[in-house]
Amino acid sequence: MTIDTAVQRQWGAVRENLLHPLRPAIALTAILTLLAGVGYPLAMLAAGTLLFPQQAGGSLVKHDGRVLGSELIGQSFADPWYFWGRPSATTPKPYNAASSSGSNLGPTNPALVEAIAARVAALRHVDPSNRLPVPIDLVTASGSGLDPDVSIAGANYQIDRVSRTRGVDRGVVAALVEKNRMGRQFGFLGEPRVNVLRLNRDLDARAPRGSDPR
Amino acid sequence: MTWPAFLQYALFVVIVIGCAQPVGSYLFCVFEGERTLLDPLLRPVERWIYHRAAIDPQEGMNWKAYALAFLAFSVAGTALLLLILMLQQHGPWFDPVNQNTPMTVDLALNTAISFATTTTWQAYGGETTMSYFSQIVGLAAQNFLAGAAGLAVGIAFIRGIARNETRLLGNFWVDVTRATLWVLVPLSVIGGLLLIWQGVPMNFAAYTTAHGLEGGTQLIAQGPVAALEVIKNFGTNGGGFFNVNAAHPFENPTPLTNFLELLMIVVLPAGLTYTFGRMIGRPSQGWMILGVMTLLFAGGLGVAGWAEQSGSPAPVALGVDSQASAAKSGGNMEGKEVRFGVHGSVLAAVVTSNGATGSYNSMHDSFTPLGGMVPMVNMMLGEIVYGGLGAGIYSMVIMILVTVFLGGLMVGQTPHFVGKQLTTREMKLVVFYIIAGSAAILLPTMIAVVSPAGLAGLTTNHGVHGFSEILFAYASSAANNGQNFAGLNANSVFYNVSTAFSMLIGRFVLAGLALALAGAFAEQKRRPITSGHLPTDTPLFGALLIATIIILGGLSFLPTLALGPVAEQVTRH
């Protein structure tokens, strides 16, 4: 066989094996992308907007026509008369909902121990008379940086400080925490928790400070 | 462990086992061309697709043609996604203010390869990098396509074992189309509605500016999250819409969404064990595989659950209370979300690391050393516990072949598996498979830990935990998993290229070998199984299988584990 024929044979084999599947590959990719990447999302958009508009829009909490936040997204609280949420590791500021992040600090990383120690100190500083051990979720950063909840223990730990700085009876605040307690879903899924934004809004409505904070 | 946590674990396992037969039967009907409920709606669509794409559904493919079709389809998907990413700033819904991570060529290429191989390793954060158009028409669409392709390869592998004296394994185009139309799209519609109901957003709105109760402002990222969230799990992809994946309250708002999203990852691969048993005509074989997978799954839950609930000693010394109680989950809560607690997070870590799915609802980098070792080991074992969609079944069957081989040596007879012989031809492919899988993890790790470019990624943690981060990255890429110890800064040319290398081997070399194996098996004549053969569907064989898995994994990875998580556990104080 001449070199020409050999090359032609090889090229024929290449075309047969490698190029033959390319045409259906490209066509099928295009068709299925239209179906799954355009058709399906449009259908979900329609169904979501029609059936569950509040959730589809991000579960936004509105007050007097302004958006206060989202039920599902935590926000930063640092004033002692509000319940504080969990530490947040987002940058450049905590609870940055445009850039979710955890700390990713490893368990034996000294920076983690220092961070926890600093948070314990800060909590004790605003509430010196509270000698109880601090619940772990109040001193560890959440995975998302946007955790809207604290544990029941985390809320209970702060009741004294909140009621004292608000000038409100402790029992009233404790009752509000209990009222806003979310149990496990269906009794066993997940953990009991309190939504910090919802609790603080309730506080402002039913146990306000002397003057309107805003 | 509290009783609700145990109930959550137990119910999960019960549902997975309970779903295996109905799901497996449905998959059997879809891929063997038998009648299903959805036929009146979908068959016309299917015919139209074959017509437009010039596909002949009757054309059978041998293993080489099937593998090349799979490769061509993946290349086309990679190219399309690469194009969408590189041009995203000219496309719709691109927000240059907030989506300000530069889309470099290496990041785009890594992401394209990553999503087309179902790895969905993300060296980027979604809300600061991707436009809604890229997320949906690019990434989510690839979740469907690559997931369907994986399922097709898994089915072709099963056919190879089930068929006799033929070279044909089916038609890849038909399998991919049927996987998308009959399996992934319907499930994603149902799942999507459930998730939106629970709070997962589905909109194309601009990021919302909120005015917080304390007076500050908060910019809340939005998006068509539900359209990605469901297929991310069903296709065992895992790439999240946001940076923190399913830890983000918009991706995973409630304990129910957590439970459902994890079920979505497992039900199809678990069903495939039943499909396997039914297609080879020995359902007991399928049940044995499911049983072994479930035992290994429960083992991972036990170890990680215990490690994470015990937590770290350091916070306790500082006056912190990390005990479990009715008022809190306790344990190691760094990087975890309160609504999931320790056990909702451990369930996710074990499900996803076993399911070749790169999602997570907590930061694995912050897990205790032993707790973080469990996902690592799960990936190193080869994604055999339920596993990736399609890949899980052939990964586990290959482990069975090794076990049969060893068993055959001990018993002194030629190894057989469900009537098919294991000759030198088949065993060579099995050995190459094992070696390629380990090499794709160990070689890049070795290079990364001695090179400045590799060590430059250790920006958060150093020392033994840094070693774990690097090891985890390549284990994840090679396993086509995609989850990470996120403290590693992997958006560099070094990591974008090296992880892509591992992903490609994990996907195409391993799938190619599996298809070659299927082709070899299909050519054989099925021999009758007599009492002289080592039975492969008994609990005794299951125990032998587990022992083989542990020994093989240990031989390959114990030294590296000793350098990373074990060293960290032993030296922590």
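Look up: the structure comes first, before these words.
### With respect to the overall build of chain B
Scanning chain B from N- to C-terminus turns up 19 helices and 5 strands. Taken along its principal axes, the extent of the C-alpha atoms in chain B is 75 × 55 × 50 Å. In chain B, of all internal contacts separated by at least 6 residues, the share reaching a separation of at least 24 is 79%. Counting every atom, chain B has about 17900 Å² of accessible surface; 69% of that belongs to carbon and sulfur. The average position of the 23 basic charges and that of the 26 acidic charges among the side chains of chain B differ by 15 Å.

### Description of the sheet that holds strand 4 (residues 149–150) of chain A
Residue and element names in this part refer to chain A. The sheet built from 3 strands is open, its strands ordered 4-6-5 with antiparallel pairing. Looking at the sheet topology across the chains shown, the edges are occupied by strand 4 and strand 5 (181–182). Direction of pairing for strand 5 relative to strand 6 (residues 193–195): antiparallel, over a ladder of 2 bridges. Of the residues in strand 6, the one forming a bridge with M182 is R193. Packed onto the sheet, helix 7 (residues 196–206) meets strand 4, strand 5 and strand 6 and runs at close to 60° relative to strand 6.

### Section: the side chain of N237 of chain B
Residue and element names in this part refer to chain B. Among the structural elements, N237 can be located in the loop between helix 8 (226–234) and helix 9 (255–279). For N237, a relative accessible area of 0% translates into the label buried. Residue contacts for N237: discarding those within four places in its chain leaves T118, T119, T120, N143, G147, I231, K232, A356, T357, G358 and N481.

### Some points on the interface of chain A and chain B
Many authors give the size of an interface as the accessible area that is lost as the parts come together. Contact with chain A, which involves 105 residues of that partner, is made by 111 residues of chain B. Across the interface of chain A and chain B, roughly 8500 Å² is buried in total on both sides, 67% from carbon and sulfur atoms. Where chain A meets chain B, there are 1 salt bridge. Of the charged contacts, one joins R339 of chain B and D147 of chain A as a salt bridge, the two residues approaching to 3.8 Å between their closest N and O atoms. Scanning the region where chain A abuts chain B turns up 41 residue pairs in polar contact (both at pLDDT 80 or more). It is helix 2 (residues 22–51) of chain A that provides the largest number of residues to the side of chain A that touches chain B, a total of 22 residues. Here the side of chain A that touches chain B is composed, by residue class, of 55 nonpolar, 33 polar and 17 charged. Looking at chain direction, strand 3 (residues 134–135) of chain A and strand 3 (residues 320–321) of chain B are connected through 2 bridges and run parallel. When the sheet's bridge partners are listed, P135 of chain A is paired in strand 3 of chain B with D321 of chain B.

### Details of the pairing of strand 1 (residues 208–211) of chain B
Residues and elements named next belong to chain B. Only one face of strand 1 is covered, namely the face carrying T208 and A210; the face carrying T209 and H211 is uncovered. Judged from the 4 bridges that link them, strand 1 and strand 2 (residues 217–220) form a sheet pairing that is antiparallel. Counterpart to H211 in the pairing with strand 2 is T217. Between the antiparallel neighbours strand 1 and strand 2 lie 5 residues, among them G215 with a positive phi of about 110°.

### Remarks on the pattern of salt bridges
Under the counting rule described, the total for this entry stands at 23 salt bridges over all chains. Measuring nitrogen to oxygen at the nearest pair gives 2.9 Å for the salt bridge that ties D175 of chain B to R159 of chain B. Of the two residues, D175 of chain B sits in helix 7 (residues 172–198) while R159 of chain B sits in helix 6 (residues 132–162), which places them 16 residues apart along the sequence. The shortest N-O distance in the salt bridge between E337 of chain B and R339 of chain B comes to 2.8 Å. According to the relative accessible area criterion, E337 of chain B is buried, its value standing at 0%. We classify R339 of chain B as buried; its relative accessible area is 1%. If you follow the salt bridges from partner to partner, you end up with R86 and D147 of chain A together with E337 and R339 of chain B in one network.

### What about the side chain of Q122 of chain B?
Here Q122 of chain B lies in the loop between helix 4 (105–116) and helix 5 (126–129). Setting aside residues no more than four positions away along its own chain, Q122 of chain B makes contact with F115, G239, G240, N245 and N484 of chain B.

### Details of the nonpolar core
Most often, soluble globular proteins keep nonpolar side chains buried together rather than apart. In terms of nonpolar packing, the biggest core is built from 234 residues, with F83 of chain A together with F12, F172 and F297 of chain B touching the most fellow members. Contacts of F297 of chain B, omitting those with residues within four sequence positions, involve F12, V13, L347, V350, V351, N354, V385 and Y386 of chain B.

### Remarks on helix 7 of chain A
All names here are of chain A. Of all the residues in helix 7, the buried ones are V196, L197, L199, N200, D202 and L203. Elements that come into contact with the buried residues of helix 7 comprise strand 1 (60–63), strand 2 (66–70), strand 4, helix 5 (152–166), helix 6 (170–179) and strand 6. The backbone nitrogen of L197 has a side-chain oxygen 3.1 Å away, supplied by the residue at the start of helix 7, namely N195.

### Here we look at unusual backbone geometry
With an omega of -5°, the peptide bond between T91 of chain A and P92 of chain A qualifies as cis. Tracing the backbone shows P92 of chain A in the loop between strand 2 and helix 4 (110–126). Look at N480 of chain B: it is not a glycine, yet its phi comes out positive at around 50°. Inspection of the secondary structure puts N480 of chain B in the loop between helix 17 (463–478) and helix 18 (493–523). Assessed through its relative accessible area of 7%, N480 of chain B is described here as buried.

### Description of the packing of helix 15 (residues 424–450) of chain B against helix 19 (residues 539–571) of chain B
Residues and elements named next belong to chain B. Contact geometry of helix 15 with helix 19 gives a least axis separation of 11 Å together with a crossing angle of 15°. Taken as axis vectors, helix 15 and helix 19 run roughly parallel relative to one another. Every pair of crossing elements has a handedness; the one defined by helix 15 and helix 19 is right-handed. Between helix 15, through I434, S438, I441 and L442, and helix 19, the contact on the second element is made entirely by L552, S556, F557 and T560.

### Topic: a nonpolar patch on the surface
Residue and element names in this part refer to chain A. On the surface, a nonpolar cluster with roughly 470 Å² of combined accessible area is contributed by W11, L18, L19, L22 and I26. At the level of secondary structure, the elements contributing two or more residues to the nonpolar patch comprise helix 1 (3–19) and helix 2. Note that L18 resides in helix 1.

Parameters and conventions
- Residues numbered from 1 in each chain as written.
- Chains lettered and ligands numbered in written order.
- Predicted model: local features only at pLDDT ≥ 70, side-chain atom pairs only at ≥ 80, totals over all residues.
- Heavy atoms only, no water.
- Helix = DSSP H or I, 4+ residues; strand = E, 2+ residues; numbered from the N terminus.
- Contact = heavy atoms within 4.5 Å.
- Areas by Shrake-Rupley, 256 points an atom, 1.4 Å probe, with all protein chains shown as cover.
- Lys, Arg positive; Asp, Glu negative; His and termini not counted.
- Charge placed at Lys NZ, Arg CZ, Asp CG, Glu CD.
- Pairing = 2+ DSSP bridges.
- Axes fitted to C-alpha atoms, helices over the stretch in contact; angles between N-to-C directions.
- Buried < 20%, exposed > 50% of the residue type's maximum accessible area, 1.4 Å probe, protein only.
- Buried area = accessible area lost by both parts, 1.4 Å probe.
- Salt bridge = Lys/Arg side-chain N within 4 Å of Asp/Glu carboxyl O.
- Polar contact = N/O pair within 3.5 Å; in protein donor to acceptor, adjacent residues only side chain to side chain.
- Nonpolar A, V, L, I, M, F, W, Y, C, P; charged D, E, K, R; others polar.
- Core = buried A, V, L, I, M, F, W, Y, C linked by side-chain atoms within 4.5 Å.
- Parallel < 35°, antiparallel > 145°, perpendicular 65-115°, else oblique.
- Left-handed = near helix turned anticlockwise from the far one by under 90°.
- Patch = residues over 30% accessible without salt bridge, like charges linked within 9 Å, V, L, I, M, F, W, Y side chains within 5 Å.

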